[in-house]
Each structure stands twice: as C-alpha cells, then as structure tokens.
Amino acid sequence: MTVVDARRWRDLFAARAREDVGAGIVEILALAADTELIPFAGGFPDPQTFPAARAASLLDELAATGDLGAFQYAPTRGLPGTRDALQQRLETLQGRRPADDELLVTSGGIDGLELVSKSFLDREDTVVVEGPTYLGAIMAFRSFEAHVVAVPVDADGLDVDELAAALAGGLRPKLLYTIPDHQNPAGVSLAAERRTALVELARRYGFLVAEDVAYRELGFDGEALPSLWSLGPDVVVQLGTTSKTFFPGVRLGWAAGPDEVISQLVVAKQNTDQCASPLGQKLWEEYARRGAQDEQLVRSRALYRRRCERLLAALGRTMPETVSWTRPEGGFFSWLTLPDGTDAVAFARRAAAAGVAVVPGAPFFPDGRGTANLRLSYSKVEDDLIDDGVERLAALVREGAS
Ligand SMILES: Cc1ncc(COP(=O)(O)O)c(C=O)c1O
C-alpha cells in the first residue's frame, strides 16, 4: 500500500477547502433536479425562455462568416464587440456607460463573486451580506475564509439604518454584498432612498459594494430603480449575468466598477479561466444587438409575473394566518415565514415526501437564522402545478398546527 492510499485524500485538502462552505447548495440542487417533485426549489429560469433555435442559427452564421474569433482565446477583458454591446446596454438601461477600463466580461455572476473574493479577501476579513442572501455568495466568501456578517432585510431591502448603526458601532467590512433588485431569496428590492444612503456609507467608511444585478432586468413592469453602480461608480462594482435573461448554459456576465478594481479582477481572471467563453460572448452580442434580448425580456417578464401572481393568489387562498410571505415585483422568489417554532428543514423533508420541493431558509443566512423560513421559487413551476403545490404545503402547515 502506498502512503497516499493509506490516508484519505481529504487529509490533503487545503484547510480552507475543509471548512463547511455549504454542502447546502448541493442538497438544494439535488432537490431541484428531482423531476418527480413540484419544483419550487431551484432558482432556475424556465427553459421556454431559452433561445435554442436562435442560438443554433447564430452559431451557423458565425461559422459561415469565416471569422473564427469566437472559437479562439479572447483577451481577458472580453472581445471588443461584446464589450461594446455591454457598454451600450448599460448606458441605455442604467444611464452610465462604463469606460473601457471599467468593464470586464465575466463567466457569469458566480465568477464575478469569485474574482472579487479572490482580489479582496484575506482570512478573517469581514464581508457584510443581506440576511437572507444568495447562498452561492456566502459560499464564495467563506471559501476565502472571510467572516460573513448579515444585516437584516425588510420589505424595502437591506436595512441601511441598521447597517449605519453597526458601522458607527465599529463594524469594518472590506466588502458589502447586496442584490438590490428582486433579491434572492426574499424577492424584495432596495428602496430608492436606501440606495443613495448605502453609497454614502460606502464612501464614508471606505468599503466596496458588490452589487449583484442578476434579476434587475426581470422587474414585472420592466422598470428599475437607479443601480448602485450608476449612483456610486467610485465605490460599487456591479456583477451582472446573462443567465436569467439569455440562458445559464452560456456562463456569461460582466463586472463594471472603478478602474483599479477591474484591473485587479482581470489579474484574478487570468489565473482562473483566462477569459469568458468567446463563443458565448459572440452569441450573446449578436442576440442583444439584433434586439432579440429585449423581445425575449417582454415574454419572460410576462411569464414570471403570471406565475408569481398565481403563487400569491394560491398562498392567500390556502395558507393559515400564521404564515406570511413577501410580494415580489420581479425575479423568481417569494420568502415564506412559517408559524413560530416550525423547523423548516423538517418541513422541507415532509414537503418532499408530499411531492413538493422547497428550500429551507437557514442556508441563506451565515448565522443560523431563517429556521422558520422557506424560499419558494415560482420561475420554473408549470402554471397548473402552482395551485396544487401550494395546497399541499398549506395542508402540511395545518397538520403541523394540529
Ligand atoms: C443573486 C444571484 N447571483 C448570481 C447567480 C448565479 O449567476 P451565474 O449563473 O451567472 O453564475 C444567481 C443564480 O441563482 C443568483 O440568484
């Protein structure tokens, strides 16, 4: 027996990799992949929004032009045409065009989080997040051994007064991570006055705001409040993704922020994956330039609005008064608060046994809160299954109460 055989590979893992950064997401993806269950678990876009035929014909076109740039390595900052299309889009939608050195094409939102974490976080550095927040972000920050602190969220998004009080009391984060539009998992958005106040706090206390805009373009009415990056381009790095508006398989997004920050992310990307997929960059660029992205967004918003309304109506009809939930105006999620003392993990197991996949709330907090919460994602549930799924959940709540 060799020395290596005699010990477990785990003993050789880096200490930071041995930390529990969240087996949670693995379980959630397992539930989301179970096609037998009514799928309120995964935050997946509905496949009917994917432009499969269009992507295939664009690919044919790219190959036919003889320009094989899409098949070659690209500059780390991204292909010039794709960067230009992104700059134009940000200017149109957010009123600010990033300068050339303020923009990086990424391989999606998670890549953006990884690059920011890799560039900024030393062991024990403090990162403030929303409580609750996107589980993938908690995992990314923890994988760099950061100390993750949650500031509560209410119906108007991050409680900026509470953040101000914590900062005044001595909290000194390097980074603050927020999802200001149709947040994952709570479905709430940051109120306009809180946006300006947050940018002011970042300037005053000298931390970087990482603004995740994954659901920004999916407001049901197509409107959006000013982005944090447009309000504070000196203190905000915006992390965008095309996963929810184009398709996640393309793995494509952007980071827009202060030039010095972007240059550092470029260095980090050079030894991560060197560049975002040039093939994906070209596909998205053509898709967006031809107006197809905006046409699809109209259909996607209508689809998700209809599903959300159906979910809220079903909850209103069936749930006892001891249960409350958020009322999203965009995005994929509503956040349920079960009766006091309910164990949401046990509830999620009972729900799976009753044929419904939901996600318990605790993994969305870094600190053990959320034990009586559930995240319900309506984005990928067929309309006629929404009522059935909610009725089964309501029956479980009633059983629990009796
Ligand atoms: C808030 C948020 N950010 C980022 C992502 C992941 O984005 P990407 O697929 O671009 O890595 C998700 C996906 O669920 C998300 O909800």
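Quick summary incoming for the structure in this document.

1. Structural notes on the overall build of the chain
Part 1 of the argument: Counting its secondary structure elements, the chain contains 15 helices and 14 strands.
Part 2 of the argument: Here the C-alpha radius of gyration of the chain, 21 Å, is about what a compact globule of 402 residues would show, namely 21 Å.
Part 3 of the argument: Each principal axis of the C-alpha atoms in the chain carries an extent, and together these give about 65 × 65 × 50 Å.
Part 4 of the argument: For the chain, with 402 residues in total, the buried portion stands at 54%.
Part 5 of the argument: Across the chain, contacts joining residues at least 24 apart in sequence account for 75% of those joining residues at least 6 apart.
Part 6 of the argument: Carbon and sulfur atoms provide 52% of the accessible area of the chain, an area that totals close to 17,300 Å².

2. A look at the packing of aromatic side chains
Part 1 of the argument: Enumeration over the complete set of coordinates arrives at 9 aromatic pairs.
Part 2 of the argument: Between F246 and F247 the ring centres are 4.6 Å apart and the planes differ by 50 degrees, which places this aromatic pair in the tilted class. For the pair formed by F246 and F247, the shared burial category is buried.
Part 3 of the argument: Cluster of aromatic residues (ring-pair linked, three or more members): Y215, Y304, F332 and F333.

3. Some thoughts on the site of the ligand
Part 1 of the argument: Around the ligand, the surrounding shell holds 14 residues, and the nearest of these are G109, D212, Y215, T241 and S243.
Part 2 of the argument: Y215 is positioned with one of its side-chain polar atoms (N or O) 2.6 Å from an oxygen atom of the ligand.
Part 3 of the argument: Taking 400 Å² as the accessible area of the ligand by itself, protein coverage stands at 92%.
Part 4 of the argument: A class-by-class count of the residues in the shell around the ligand yields 6 nonpolar, 5 polar and 3 charged.

4. Some words on the sheet that holds strand β7 (residues 208-212)
Part 1 of the argument: The mixed open sheet is built from 8 strands, whose spatial order is β2-β9-β8-β7-β6-β3-β4-β5. The open sheet terminates on both sides in strands that have one partner only, identified here as β2 (103-106) and β5 (157-158).
Part 2 of the argument: Pairing of strand β8 (residues 236-241) with strand β9 (residues 253-256), which is carried by 4 bridges, proceeds in the antiparallel orientation. Its bridge partner lying in β9, G240 is registered against W254.

Reading the values: the criteria
Residues numbered from 1 in each chain as written. Predicted model: local features only at pLDDT ≥ 70, side-chain atom pairs only at ≥ 80, totals over all residues. Heavy atoms only, no water. Helix = DSSP H or I, 4+ residues; strand = E, 2+ residues; numbered from the N terminus. Rg over C-alpha atoms; globule rule 2.2 N^0.38 Å. Buried < 20%, exposed > 50% of the residue type's maximum accessible area, 1.4 Å probe, protein only. Contact = heavy atoms within 4.5 Å. Areas by Shrake-Rupley, 256 points an atom, 1.4 Å probe, with all protein chains shown as cover. Phe/Tyr/Trp six-rings, centres within 6.5 Å; stacked < 30°, edge-to-face > 60°. Near = heavy atom within 4 Å. Polar contact = N/O pair within 3.5 Å; in protein donor to acceptor, adjacent residues only side chain to side chain. Nonpolar A, V, L, I, M, F, W, Y, C, P; charged D, E, K, R; others polar. Pairing = 2+ DSSP bridges.

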